[in-house]
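Here are the chains, one letter per residue:
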Amino acid sequence: MDNDQQETPYLDALRAYADRHPARLHVPGHKGGDGADDALIEAIGELALRMDVPALTYGIDVGSDPTPFERAQRLAAAAWGAKRAWFLINGASQGNLSAGLALAHSGDRVVVQRNAHSSTIDAMVLSGMRPTFAAPEVDAELGIAHCLTEQTLDRALAETPGAVGAWVISPTYFGAAANVRGLAEVAHARGVPLVVDEAWGAHMAFHEALPEHALAAGADLVISSTHKIVGSLTQSAMLHLGHGGRISAEVVDRAVTLTESTSPNSLLFASLDAQRRQAAVHGHELLERMMDALAQARAEIRAIEGLDVLDDRLTGRPGVYAYDPLRVAVDVRGIAANGYELAPLLREIDDINLELYGQNVVVAVFGLGERGLPEAQRLVNALRVAVERVGLDPEGSTASFAPAPPWGELAMTPREAYLGAQEVVPAAQAAGRIAAESLASYPPGIPNVLPGERLTAETLSFVQRTLEMGGSVRGASDRQLHTVRVVLED
Ligand SMILES: Cc1ncc(COP(=O)(O)O)c(C=O)c1O
């Protein structure tokens with residue numbers, strides 16, 4: 001197989017097209033920049049506009065096999081160790097939607113980790129599958145959700161006769177990684193494929209000190225948000241098929257086509273080709289440098305009184321098999337400000353813009369190829385100033401979270417609830433009704449209610465209490481939860 005990871009066949013083909021000034025009697029109407037507004041040309045550059053070509057351009061993705069586009073996808077498959085890779089232009093969200101549609105070819109029951117990304121729940125809506133939800137381990141001390149254990153997955157599969165797949169997330173936003181190898185063994189022993197949403201772990205294939213990546217661990221289908229840490233352009237992502245033969249490549253291919261525009265952006269594809277090259281050729285060295293620099297940043301943050309960081313010490317806690325160090329997750333419980341208050345303060349101090357902030361933990365993300373690390377130092381310095389301003393909260397580190405009440409019964413599939421007739425009712429009158437939307441109180445961000453589930457008074461008051469304590473609710477059409485969207489039952 002052609003596997004020269006130094007090559008970027010798709011990017012090169014686009015560049016060759018751009019450089020030879022062809023007659024562009026096709027879309028897009030800016031015609032390689034000729035018809036573009038000056039502000040756009042100045043902002044993104046002439047070359048980018050010349051390289052913006054439509055799908056089905058001869059010599060790029062049509063012509064003699066393998067086309068540069070096919071070669072680029074093959075190189076990506078080889079780099080990640082997949083049987084086949086698809087370039088996506090609608091993010092890992094498209095990967096999740098495609099995975100759902102692909103699984104649904106085999107049946108309509110599936111086991112899904114409860115705190116899945118909203119696009120996984122959307123995949124249930126699109127595919128019509130009936131999920132059995134499996135609970136991740138919740139860290140009551142930090143107020144965040146970690147990963148799924150093998151025991152929990154096995155129990156959920158045992159409760160779901162006819163399941164056609166198991167669907168888990170690893171690593172999490174906060175860096176916790178599951179024992180994917182163990183989860184794959186459990187799924188395979190029960191005769192189903194394992195789908196892993198590895199949106200946050202595309203870099204893990206390129207350094208042995210990182211948690212084992214999902215394809216190497218035996219996963220059957222892996223969703224990879226390549227634009228996150230590996231750094232392709234926003235919106236670009238990949239879907240990787242494992243070698244187990246449990247999911248058909250043709251079925252995945254149809255699902256990818258269904259969830260994709262017929263006019264995928266060539267610059268997004270080119271960025272996947274280029275960042276794959278960077279990761280495959282230089283990833284090991286870049287990651288090594290990044291891990292050293294972040295270890296130092298973590299040590300400096302830990303030395304600030306009132307702050308701590310999430311790191312390898314989490315490994316071994318329930319739901320944490322390994323830790324991925326490519327983000328800096330700061331535990332802010334010891335200071336007199338929560339994450340929601342700290343985030344704007346960091347913006348004010350030095351224009352520090354975080355990836356994520358919650359009650360107890362704020363997360364800064366670093367990219368695989370960042371040169372030097374002035375940004376980590378900026379974060380450390382700004383945190384020092386912030387802590388001086390807000391002071392300490394000696395009680396903060398001892399607070400822990402009350403567990404959420406059990407989920408309501410799944411009275412209909414997410415699809416039936418989403419598409420059925422609905423009404424909006426006051427939250428006080430919603431108990432006993434079937435939810436048409438999700439409610440996920442944050443922290444820790446595990447949905448308390450998903451479309452199709454019956455609302456309980458206990459759950460509604462739990463979500464309301466989280467709001468009163470300064471938390472938030474995701475998924476709700478009314479963020480203050482005065483009202484809830486429910487299914488109209490006859
Ligand atoms: C676990 C997980 N899966 C999927 C996605 C969706 O990724 P994208 O934004 O690339 O569509 C995200 C986004 O943050 C995510 O955290």
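In what follows, the accompanying structure is described. Note that this is a predicted model, so its numbers are computed, not measured. Residues take numbers from 1 onward in each chain, read along the sequence in its written order. Local features in a predicted model are, by the rule used here, given only for residues with pLDDT of at least 70; side-chain atom pairs are given and counted only at 80 or more, and totals for whole chains, interfaces and linings are based on all residues. For side-chain calculations, the full set of non-hydrogen atoms in the structure is used, while hydrogens and water are omitted.

1. Some details on the packing of aromatic side chains
Part 1 of the reasoning: Between 30 and 60 degrees the pair is tilted, below 30 it is stacked and above 60 it is edge-to-face, where a pair is any two Phe, Tyr or Trp rings, Trp via its six-membered ring, whose centres lie within 6.5 Å. On inspection of all chains with the given rule, the structure shows eight aromatic pairs.
Part 2 of the reasoning: Measuring from centroid to centroid gives 5.9 Å for Phe69 and Phe87, while their planes differ by 85°, and the two rings are edge-to-face. Linking Phe69 in helix 4 (residues 68-80) with Phe87 in strand 1 (residues 84-88), this pair joins segments that are 18 residues apart in sequence.
Part 3 of the reasoning: Burial classes follow relative accessibility: with a 1.4 Å probe on protein chains only, a residue under 20% of its type's maximum area counts as buried, one over 50% as exposed, and anything between as partly exposed. Judged by its relative accessible area of 16%, Phe69 falls in the buried class.
Part 4 of the reasoning: On the basis of an interplanar angle of 40° and a centroid distance of 4.9 Å, the ring pair of Phe69 and Phe269 is categorised as tilted. Pair noted here: Phe69 is in helix 4 and Phe269 is in helix 10 (residues 266-302), with a separation of 200 residues, a long-range link. Each of the two residues, Phe69 as well as Phe269, counts as buried.
Part 5 of the reasoning: Aromatic ring contacts, followed pair by pair, group Tyr10, Phe69, Phe87 and Phe269 into a single cluster.
Part 6 of the reasoning: When the ring centre of Phe133 is taken as reference, the NZ or CZ atom of Arg114 above it lies at 4.8 Å. Secondary structure is summarised from DSSP: a helix means a run of H or I of at least four residues, a strand means a run of E of at least two, and numbering begins at the N terminus for each. Two conditions define a charge located above a ring, namely a distance within 6 Å from the ring centre to NZ of Lys or CZ of Arg, and an angle within 35 degrees of the ring normal.

2. A few points about the sheet that holds strand 1
Part 1 of the reasoning: Strand order in the open sheet formed by seven strands is 1-10-9-8-6-2-3, and the pairing between neighbours is mixed. Looking at strand neighbours, the two that pair on one side only are strand 1 and strand 3 (130-134), the edges of this open sheet. Each strand axis lies, on average, 20° off the axis of its neighbour in the sheet, ignoring direction.
Part 2 of the reasoning: When DSSP locates at least two bridges between a pair of strands, those strands are taken to pair. Bridging between strand 2 (residues 109-113) and strand 6 (residues 163-169) involves three bridges; their strand directions are parallel. Looking at strand 6, one finds that Val112 is bridged to Trp167.
Part 3 of the reasoning: Relative to strand 1, helix 9 (residues 249-258) is tilted by about 0°, and along the sheet it contacts strand 1, strand 9 (221-224) and strand 10 (237-241).
Part 4 of the reasoning: Against the sheet, helix 10 contacts strand 1 and strand 10, and its axis sits at roughly 130° relative to strand 1. Only C-alpha atoms enter the line fits that serve as axes; for helices the fit covers just the stretch in contact. Angles between N-to-C directions range over 0 to 180 degrees. Any pair of residues with heavy atoms lying within 4.5 Å of one another is described as a contacting pair.

3. Considerations on the nonpolar core
Part 1 of the reasoning: Counting residues in hydrophobic clusters, the biggest one holds 135 residues, and the most contacted among them are Trp167 and Leu194.
Part 2 of the reasoning: The element contributing the most residues to this core is helix 10, with 13 residues.
Part 3 of the reasoning: Aside from chain neighbours lying at most four places away, what touches Leu194 is Leu153, Ala166, Val168, Val180, Leu183, Ala184, Ala187, His188, Ala219, Asp220 and Leu221.
Part 4 of the reasoning: Ranked by size, the runner-up nonpolar core spans 15 residues in total, among them Val425, Leu439, Val473 and Leu481. Residue types Ala, Val, Leu, Ile, Met, Phe, Trp, Tyr and Cys, when buried and joined through side-chain atoms within 4.5 Å, form a set referred to as a nonpolar core.

4. Description of the side chain of Asp197
Part 1 of the reasoning: Tracing the backbone shows Asp197 in strand 8 (residues 194-197).
Part 2 of the reasoning: Charge assignment in this entry is limited to Lys and Arg as positive and Asp and Glu as negative, and neither His nor the chain termini are counted. By definition, a salt bridge exists where a carboxyl oxygen of Asp or Glu is found within 4 Å of a side-chain nitrogen of Lys or Arg. One buried charged residue, Asp197, forms no salt bridge at all, with the nearest opposite charge on Lys228 at 7.9 Å.
Part 3 of the reasoning: From its side chain, Asp197 meets the backbone nitrogen of Ala199 in a polar contact 3.0 Å long.
Part 4 of the reasoning: In this structure, Asp197 is in contact with Asn96, His117, Thr120, Trp167, Val168, Ile169, Ser170 and Ile223, ignoring residues within four places of it in sequence. For this analysis, a polar contact is any N or O atom pair within 3.5 Å, provided that within protein one partner can donate a hydrogen and the other can accept it, and provided that sequence-adjacent residues contribute only side-chain to side-chain pairs.

5. Some remarks on the sheet that holds strand 11 (residues 308-309)
Part 1 of the reasoning: Read from one edge of the open sheet, four strands run 11-13-15-14, paired in antiparallel fashion. Because the sheet does not close on itself, it has two edges, and the strands there are strand 11 and strand 14 (356-357).
Part 2 of the reasoning: Set on the sheet, helix 10 makes contact with strand 11 and strand 13 (327-331); between it and strand 13 the angle comes to about 10°.

6. Topic: the site of the ligand
Part 1 of the reasoning: Taken together, 13 residues are adjacent to the ligand, and Ala92, Ser93, Asp197, Ser225 and His227 come closest.
Part 2 of the reasoning: Between the ligand and Ser93, the relevant distance is 2.6 Å, taken from an oxygen atom to a side-chain nitrogen or oxygen of the residue.
Part 3 of the reasoning: Lys228 is positioned such that a nitrogen or oxygen atom in its side chain is 3.0 Å from an oxygen atom of the ligand.
Part 4 of the reasoning: For every accessible area listed, the method is Shrake-Rupley and the probe measures 1.4 Å; residues are considered covered only by the protein chains on display. Considering the ligand on its own, with 390 Å² of exposed area, one finds that the protein chains cover 85% of that surface.
Part 5 of the reasoning: Its atoms largely coinciding with the cavity grid, the ligand occupies the largest pocket.
Part 6 of the reasoning: Looking at the shell around the ligand, the element that brings in the most residues is helix 5 (residues 91-103), giving four residues.
Part 7 of the reasoning: In the scheme used here, Gly and all other residues not listed as nonpolar or charged are polar, with Ala, Val, Leu, Ile, Met, Phe, Trp, Tyr, Cys and Pro taken as nonpolar and Asp, Glu, Lys and Arg as charged. Its residues assigned to classes, the shell around the ligand comprises five nonpolar, six polar and two charged. One heavy atom suffices: a residue is near a molecule or strand as soon as one of its heavy atoms comes within 4 Å of it. Cavities and pockets were defined on a 1 Å grid built from protein atoms only: a cavity is a group of points that admits a 1.4 Å probe but offers it no way out, a pocket is an open group of points flanked by protein on both sides within 12 Å along at least five of seven lines, and a lining residue is one with an atom within 4 Å of any such point. What decides whether a molecule sits in a cavity or pocket is whether more than half of its atoms lie within 2 Å of the grid points.

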